Amino acid sequence: MALDSKIPHGPISDKWTDYKDHINLVNPANKRNLDIIIVGTGLAGGSAAATLAEQGYNVKAFCFQDSPRRAHSIAAQGGINAAKNYKGDGDSVYRLFYDTVKGGDYRAREANVHRLAEVSTNIIDQCVAQGVPLAREYGGLLDNRSFGGTLVSRTFYAQGQTGQQLLLGAYSAMNRQIGRGKVKMYNRHEMLDIVIVNGKARGIIARNLVTGEIERHSAHAVVVGSGGYGNVFFLSTNAMGSNATAAWKIHKKGAFFANPCYTQIHPTCIPVSGDHQSKLTLMSESLRNDGRIWVPAKQEDAKAIREGKKKATDLSEAERDYFLERRYPAFGNLVPRDVASRAAKERCDAGFGVNKTGEAVYLDFAAAIKRYGTEEAFVKGLDDKDAALVTKLGAEIVKSKYGNLFQMYYKIVDEDPYTTPMMIYPAVHYTMGGTWVDYNLMTTIPGCFSIGESNFSDHGANRLGASALMQGLADGYFVLPYTIGDYLAPDIKMGEISTDLPEFVAAEKEVKDQIDRFINNKGTHSVDYFHKKLGKIMWDKVGMARNAKGLTEAIEEIAALREEFYKDVKVPGSANEFNQELEKATRVADFLELGELFAKDALHRNESCGGHFREEYQTEEGEALRDDENFAYVAAWEYKGKPSDAVLHKEPLVYENIKLVQRSYK
């Protein structure tokens, strides 16, 4: 089938407004007769559920957590972008649009990104109206800070817990609709398949994770907002429960999967400490506003630090290499995440890493503490030459900005980041790839929509910091509520959809057969045994740097591991009870397919761009080398029975408003 992105005609600044003026609408009386299923209740799913219910639709919302408040959106700590230009530093809708496309290394769809920039300003007003406690300046105006890849301050924040506060805002709006009976909430339920009737998405099969019961749920449309697939690497910054099952199940039923190799490695994470770990901890990118990243300038000093013979504070300024400031003087420590991550890896690979494993660099706040402390002492008329006083005052200001992040670091590492530099290293974080969607956010399955991180649409090959929250809320509050009506308008007289249809029976049987296969399998190894092996293959051969040889090996190894998994996995307990090993088994089964497609996508893309870095394609300075002539397209894969047989479809990326140039942050 040919991909139709349904991008409206006309100037890019007018597309969204004109489109909204002419799409079909559903009147309030008819909305009461339409049901919508939403899978996932993070920022995208939660805001969509609240808004669609407010409009009058009947919403059924599903989450595998015990409460929507536990969605992984809470982990997005640093902030949310919006083109408000409160700092008067030259920001605009166009500049946010340009920065996002450039930050994605020119692999994003222009029309979607411009729409995102347009509605960004509405998101802030919405959140303030909900009472989200965004940070404010002395005079009461909302404050902003900078994030990587931009030269302006456009990031709104709530100390270091922005995602949590925004999620509570969406959750409160959704709770109001739960109280009104317009949202029926299914906590501790996991979608295990989608049901397609006459070519359209008409429901899902879900498992009650407490009782084990398999349930059928029907609706006139299905919306997937289940997040990303970073846990295919086993170790990532994602919550352990984060999974790709909902997105992968719709892929296997006809939804194309786009750009799976576009996965973000976040530069500021607490380094791996050993094989005992089950996840990694993200330290917000906002820390790079005030933290300076460095390694020892001499390998002997780095070796002495690794061996415990020296401390970071023993090295003078002249003995330190602030490598991001040296390599990228225009942006310094605020280069995009892919650039910062590769630079840190390069220094560590060269022997300058500073922890016992040699895989860590420093994030140092001494200069910021001194700068803030000196200014505060001057403002208060105190002695700004008193080092102890300056340090005390500066630390208090840093604490007001990042206090919860510093506390988290201290609890995990047992080192005080106010007095000694943090240690950080890149880790798998966000996934820019996902289900392919058109301008309406609909997948290639009619009636099945995908929003937030689960779709591919807005970030290209690299996501700029503070854009995940922006996209999730934009999709849920301001885009899907318009576009879904255009699809649902013809269904207003259809009536309730029966779950006794043969398509529901067949989908339920398929789910039960897989569960029975796991429960009755007489294997010898746990689910985590296979997940860890998959993660090691992915990190070693499909991680921060990739090459054709390693990717070819990864494809073969993952296929063999998947075969071994089905033969030798052991799932204790029964199907009709609370069984977390069974939950993990169904999720890892999907990761073992997704991982192979991930590697296949990376192998076919003979270029480097954003988070996809092929060692064969780089400049003399070690930067990503794009091939716009041959690869300026979205790679959308169609499922054909197994990942190795997936068929590639290409959506050309047409740039009419931005000139394609080699990306530079120097």
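The present account deals with the structure reproduced in this document. (Residues numbered from 1 in each chain as written. Predicted model: local features only at pLDDT ≥ 70, side-chain atom pairs only at ≥ 80, totals over all residues. Heavy atoms only, no water.)

**Looking at the overall build of the protein**
Link 1 in the chain: Looking only at helices and strands, the protein has 18 helices and 19 strands in total.
Link 2 in the chain: In terms of overall size, the protein behaves like a compact globule, its C-alpha atoms giving a radius of gyration of 25 Å where 666 residues would be expected to give roughly 26 Å.
Link 3 in the chain: Its C-alpha atoms put the protein at 80 × 60 × 50 Å along the principal axes.
Link 4 in the chain: Sequence separation of 24 or more characterises 75% of the internal contacts of the protein that already satisfy a separation of 6 or more. (Helix = DSSP H or I, 4+ residues; strand = E, 2+ residues; numbered from the N terminus. Rg over C-alpha atoms; globule rule 2.2 N^0.38 Å. Contact = heavy atoms within 4.5 Å.)

**Some points on helix α8 (residues 299-306)**
Link 1 in the chain: All of the buried residues along α8 are Asp301, Ala302, Ala304 and Ile305. Around the axis of α8, the buried residues are gathered within 160 degrees of arc, so they sit on the same side.
Link 2 in the chain: Contact partners of the buried residues in α8: β12 (292-296), α10 (337-352) and β14 (361-364). (Buried < 20%, exposed > 50% of the residue type's maximum accessible area, 1.4 Å probe, protein only. Arc of directions from axis to C-beta.)

**Some points on the packing of helix α7 (residues 245-252) against helix α17 (residues 580-604)**
Link 1 in the chain: Viewed as axis vectors pointing N to C, α7 and α17 meet at an angle of 65 degrees, and their least axial separation amounts to 10 Å. α17 is crossed by α7, and the crossing has left-handed handedness. Residues Thr245, Trp248, Lys249, His251 and Lys252 of α7 touch α17, and the partners they reach there are Thr586, Arg587, Asp590, Glu593, Leu594 and Leu597.
Link 2 in the chain: Residue classes in the contact of α7 with α17 are distributed as three nonpolar, three polar and five charged. (Axes fitted to C-alpha atoms, helices over the stretch in contact; angles between N-to-C directions. Left-handed = near helix turned anticlockwise from the far one by under 90°. Nonpolar A, V, L, I, M, F, W, Y, C, P; charged D, E, K, R; others polar.)

**Some remarks on the sheet that holds strand β8 (residues 214-218)**
Link 1 in the chain: Strand order in this open sheet of three strands is β6-β7-β8, and the pairing throughout is antiparallel. At either end of the open sheet lies a strand with only one pairing partner, and these are β6 (189-197) and β8. Strand-to-strand twist across the sheet, computed as the mean angle between neighbouring axes with direction ignored, equals 25 degrees.
Link 2 in the chain: Across five bridges, the pairing between strand β7 (residues 200-208) and β8 is antiparallel. The residue of β8 that forms the bridge with Ile205 is Arg216. (Pairing = 2+ DSSP bridges.)

**Some details on the side chain of Thr162**
Link 1 in the chain: Tracing the backbone shows Thr162 in helix α6 (residues 162-180).
Link 2 in the chain: What makes Thr162 buried here is its relative accessible area of 0%.
Link 3 in the chain: Discounting chain neighbours no more than four positions away, the residues touching Thr162 are Ala76, Gln77, Gly78, Gly79, Ile80, Phe156, Tyr157 and Leu469.

**With respect to the packing of helix α15 (residues 527-542) against α17**
Link 1 in the chain: Packing of α15 against α17 leaves a shortest axis separation of 10 Å and a crossing angle of 20 degrees. In terms of axis orientation, α15 runs roughly parallel to α17. The chirality of how α15 crosses α17 is left-handed. In this structure, α15 contributes Val527, Asp528, His531, Leu534, Met538 and Val542 to the contact, and α17 contributes Glu581, Lys584, Ala585, Val588, Phe591, Leu592, Gly595, Phe598 and Ala599.
Link 2 in the chain: In the contact of α15 with α17, the residues fall into 10 nonpolar, two polar and three charged. (Parallel < 35°, antiparallel > 145°, perpendicular 65-115°, else oblique.)

**Quick look at the environment of Gln618**
Link 1 in the chain: Locating Gln618 in the fold gives a position in the loop between α17 and α18 (628-631).
Link 2 in the chain: Distance from Gln618 to His22, taken between C-alpha atoms, is 45 Å for residues 596 residues apart in sequence.
Link 3 in the chain: Setting aside chain neighbours within four positions, we find Gln618 in contact with Phe613, Glu623 and Leu625.
Link 4 in the chain: Engagement of the side chain of Gln618 in a polar contact is seen with the backbone oxygen of Glu615, the distance being 2.9 Å. (Polar contact = N/O pair within 3.5 Å; in protein donor to acceptor, adjacent residues only side chain to side chain.)

**Remarks on the sheet that holds strand β16 (residues 434-435)**
Link 1 in the chain: Ordered in space as β16-β10-β18-β19, the four strands form an open sheet in which the pairing is antiparallel. Two strands in the sheet have a free side with no partner beyond their single neighbour: β16 and β19 (647-652).
Link 2 in the chain: Most of the contacts of α17 go to strand β18 (residues 633-638), to which it runs at about 145 degrees, and overall it touches β10 (257-258), β18 and β19.

**Some remarks on the nonpolar core**
For soluble globular proteins, nonpolar side chains are generally found buried alongside one another.
Link 1 in the chain: In terms of nonpolar packing, the biggest core is built from 76 residues, with Ile80, Leu480, Ile484 and Leu488 touching the most fellow members.
Link 2 in the chain: Sorting elements by how many residues they give to this core places helix α13 (residues 468-488) first, with 11 residues.
Link 3 in the chain: With sequence-adjacent residues up to four places away left out, Ile484 is seen in contact with Ile36, Leu52, Ala221, Val223 and Phe449.
Link 4 in the chain: Residues Trp248, Ile265, Ile515 and Phe591 belong to the second largest nonpolar core, which totals 61 residues. (Core = buried A, V, L, I, M, F, W, Y, C linked by side-chain atoms within 4.5 Å.)

**Remarks on helix α1 (residues 12-22)**
Link 1 in the chain: Taken together, the buried positions of α1 are occupied by Ile12, Lys15, Trp16 and Tyr19. Viewed end-on, α1 has its buried residues packed into an arc of 80 degrees, placing them on one side of the element.
Link 2 in the chain: On its buried side, α1 packs onto α4 (93-103), α5 (110-130) and α13.

**A look at the pattern of salt bridges**
Link 1 in the chain: Taken as a whole, this structure holds 56 salt bridges when the rule is applied.
Link 2 in the chain: Between Asp105 and Arg663 there is a salt bridge, and its shortest N-O distance comes to 3.6 Å. In this pair, Asp105 is assigned in the loop between α4 and α5 and Arg663 in the segment after β19, connecting sequence segments 558 residues apart. Across the pair, Arg663 and Asp105 agree in class, each one buried.
Link 3 in the chain: Linking Lys509 and Asp513 is a salt bridge whose minimum nitrogen-to-oxygen distance equals 2.8 Å. Here Lys509 and its partner Asp513 are both found in helix α14 (residues 502-520), four residues apart, which amounts to about one turn of the helix.
Link 4 in the chain: Taking relative accessible area as the criterion, Asp513 reaches 38% and is therefore assigned partly exposed.
Link 5 in the chain: Sharing partners across several salt bridges, the network here consists of Asp105, Arg107, Asp338, Arg342, Arg605, Glu607, Arg626, Asp628 and Arg663. (Salt bridge = Lys/Arg side-chain N within 4 Å of Asp/Glu carboxyl O.)

**Looking at the environment of Ile558**
Link 1 in the chain: Positionally, Ile558 belongs in helix α16 (residues 548-568).
Link 2 in the chain: Relative accessible area serves as the criterion here: at 0%, Ile558 is assigned to the buried category.
Link 3 in the chain: Along the primary structure Ile558 and Leu594 are separated by 36 residues, whereas in three dimensions their C-alpha atoms are 9.7 Å apart.
Link 4 in the chain: Discounting chain neighbours no more than four positions away, the residues touching Ile558 are Leu534, Ile537, Met538, Leu592, Gly595 and Glu596.

**What about unusual backbone geometry?**
Link 1 in the chain: Phi is positive for Tyr106, which is not a glycine, with a value near 60 degrees.
Link 2 in the chain: Along the chain, the position of Tyr106 falls in the loop between α4 and α5.
Link 3 in the chain: Among the residues examined, Tyr106 registers a relative accessible area of 0% and is labelled buried.
Link 4 in the chain: Phi angles above zero are rare outside glycine, and Asn259 is one such case at about 50 degrees.
Link 5 in the chain: Residue position: Asn259 is located in the loop between β10 and β11 (263-269).

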